[in-house]
Structures are given as C-alpha cells and as structure tokens.
Amino acid sequence: MLTVAVILLQMVAAVPAGEEPVAPYMQSDGNAGAKPFPDDRLWQAFNGSAGVSRIVDDLVARSEKDARISDIFRNQDMVRLRRTLKEQFCFILAGGCTYTGRDMKGAHKDMGIQRADMAALVENLQAAMRTEHVPFAAQNRLLSKLAPMHRDIVER
C-alpha cells in the first residue's frame with residue numbers, strides 16, 4: 001500500500017511556477033532517453049550548470065526564430081521545455097541532476113515532427129554549443145547520446 005502511495009505522489013507532482021500542468025506520468029531518470037556518461041568530464045566541458053543553461057536558452061531562442069521549425073514551438077510551454085531540457089542535458093552529462101520530464105515519445109506525441117525538423121534542431125544545438133565554446137569532440141559525444149531519441153520523437 002505504501003508503494004502505491006509513493007508511486008501516486010511521483011505521478012502527481014506539483015506544477016513548477018510558470019509552467020502549465022501536464023497529464024500525470026511516472027517520473028524517472030529513464031525518461032531522459034539516454035543513460036548518463038560515467039563521469040563528469042563532459043559536464044565540465046559544457047561549463048557546468050551555467051554553460052548548460054546558456055546552451056539551452058540559446059537553443060530554444062534560435063529554434064523559436066528558425067522559420068524551418070518555429071511552428072513546432074508555437075503554443076508550447078517554453079518554461080517547462082527549458083527546465084526539462086536543462087535537466088536532461090545535466091543528467092546525461094553526469095552533472096548530478098534528476099530528470100523530471102516525460103519520456104521522449106510522450107513529450108513529443110502528436111507534434112508531427114519530421115526528420116528535417118530534427119536536423120534543424122540539431123543545427124541550432126550545434127550553434128549554441130559553439131557559442132558556449134564546447135569542444136567539438138564533447139559536442140559529438142552529447143549528440144551521439146541524443147541521436148537515437150529520433151526513433152521516439154520523429155512521427156513521419
């Protein structure tokens with residue numbers, strides 16, 4: 001009985017300030033879509049929390065302005081998107097964070113994301129990482145963790 005209560009509490013977490021409520025889901029680091037790197041060397045290469053925060057903010061800003069994919073971001077909860085992307089990158093880069101977002105398939109359901117949309121997003125992420133002066137090899141290591149997620153994100 002106690003286990004069921006704990007599971008229900010995890011599913012009905014409080015909505016962070018500025019975010020819109022979402023349907024209940026089971027929170028798990030497994031939802032991040034990739035396992036973390038074994039040590040924090042990449043976290044350091046990304047300039048830690050401040051660097052990841054700048055990269056995510058830059059990525060989102062670029063994507064909102066990018067005519068190829070801006071429609072995908074229209075009417076989305078950008079506060080939640082920024083928070084969960086920062087958590088996801090921090091978790092994967094072994095920065096010691098917990099990922100509280102939805103799984104990739106659920107988070108992108110019915111968005112109609114295509115391969116070309118993913119390619120544009122990756123270009124924007126690469127530009128944001130270059131702006132943060134993340135070494136090219138470190139960029140590629142993160143991208144190699146993110147790439148398999150396309151199976152759960154691309155719908156057509």
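Our subject is the structure that appears above.
Residues numbered from 1 in each chain as written. Predicted model: local features only at pLDDT ≥ 70, side-chain atom pairs only at ≥ 80, totals over all residues. Heavy atoms only, no water.

Below, the discussion takes up the side chain of Thr 84. With respect to the secondary-structure elements, Thr 84 resides in helix α5 (residues 78–92). Ignoring any residue separated from it by four or fewer positions in sequence, one finds Thr 84 in contact with Tyr 99 and Gly 101. (Helix = DSSP H or I, 4+ residues; strand = E, 2+ residues; numbered from the N terminus. Contact = heavy atoms within 4.5 Å.)

Okay, the pattern of salt bridges next. Inspection of every chain in the model, using the stated rule, returns 11 salt bridges. Between Arg 54 and Glu 132 there is a salt bridge whose closest N-O contact spans 2.7 Å. You can see Arg 54 sitting in helix α3 (residues 48–65) and its partner Glu 132 sitting in the loop between α7 (115–131) and α8 (136–146), a full 78 residues away along the chain. Two residues, Lys 109 and Asp 110, come together in a salt bridge whose shortest N-O distance is 3.4 Å. (Salt bridge = Lys/Arg side-chain N within 4 Å of Asp/Glu carboxyl O.)

This part covers the packing of α7 against α8. Describing two packed helices takes the angle between their axes plus the distance from one axis to the other. Remark: α7 packs on α8, axes separated minimally by 11 Å, with the N-to-C direction vectors making an angle of 150 degrees. Between α7 and α8, the angle is such that the two are roughly antiparallel. The handedness of the crossing between α7 and α8 is right-handed. When α7 is examined against α8, the residues Val 122, Leu 125, Gln 126, Met 129 and Arg 130 are found in contact with a partner set consisting of Gln 139, Leu 142, Leu 143 and Leu 146. Here the residues of the contact of α7 with α8 sort into 6 nonpolar, 2 polar and 1 charged. (Axes fitted to C-alpha atoms, helices over the stretch in contact; angles between N-to-C directions. Parallel < 35°, antiparallel > 145°, perpendicular 65-115°, else oblique. Left-handed = near helix turned anticlockwise from the far one by under 90°. Nonpolar A, V, L, I, M, F, W, Y, C, P; charged D, E, K, R; others polar.)

Below, the discussion takes up α3. The first and last C-alpha atoms of α3 sit 26 Å apart over 18 residues, in line with the 26 Å expected at 1.5 Å per residue. Buried within α3 are the following residues: Gly 48, Gly 51, Val 52, Ile 55, Val 56, Asp 58, Leu 59, Val 60 and Ser 63. Where α3 is buried, its residues meet α2 (41–45), α4 (70–73), α5 and α7. (Expected span 1.5 Å × (residues − 1). Buried < 20%, exposed > 50% of the residue type's maximum accessible area, 1.4 Å probe, protein only.)

For the rest of this paragraph, the subject is the environment of Val 79. The residue Val 79 is located in helix α5 in this model. When its relative accessible area of 40% is taken as the criterion, Val 79 is described as partly exposed. C-alpha of Val 79 to C-alpha of Cys 97: the two residues are 18 residues apart in sequence and 18 Å apart in space. Those residues within four positions of Val 79 in sequence are excluded, and the remaining contacts are Ala 17, Gly 18 and Glu 19.

All right, on to the packing of α3 against α7 then. Direction vectors running N to C along α3 and α7 enclose 135 degrees, while the axes themselves pass 8 Å from each other. The angle between α3 and α7 places the two elements in the oblique class. Here α3 runs over α7; the crossing is right-handed. Counting all contacts with α3, which are made through Ile 55, Asp 58, Leu 59, Arg 62 and Ser 63, the residues of α7 involved are Leu 121, Asn 124, Leu 125, Ala 127, Ala 128, Met 129 and Thr 131. A class-by-class count of the residues in the contact of α3 with α7 yields 7 nonpolar, 3 polar and 2 charged.

On their own, these measurements won't tell you what the molecule is for.
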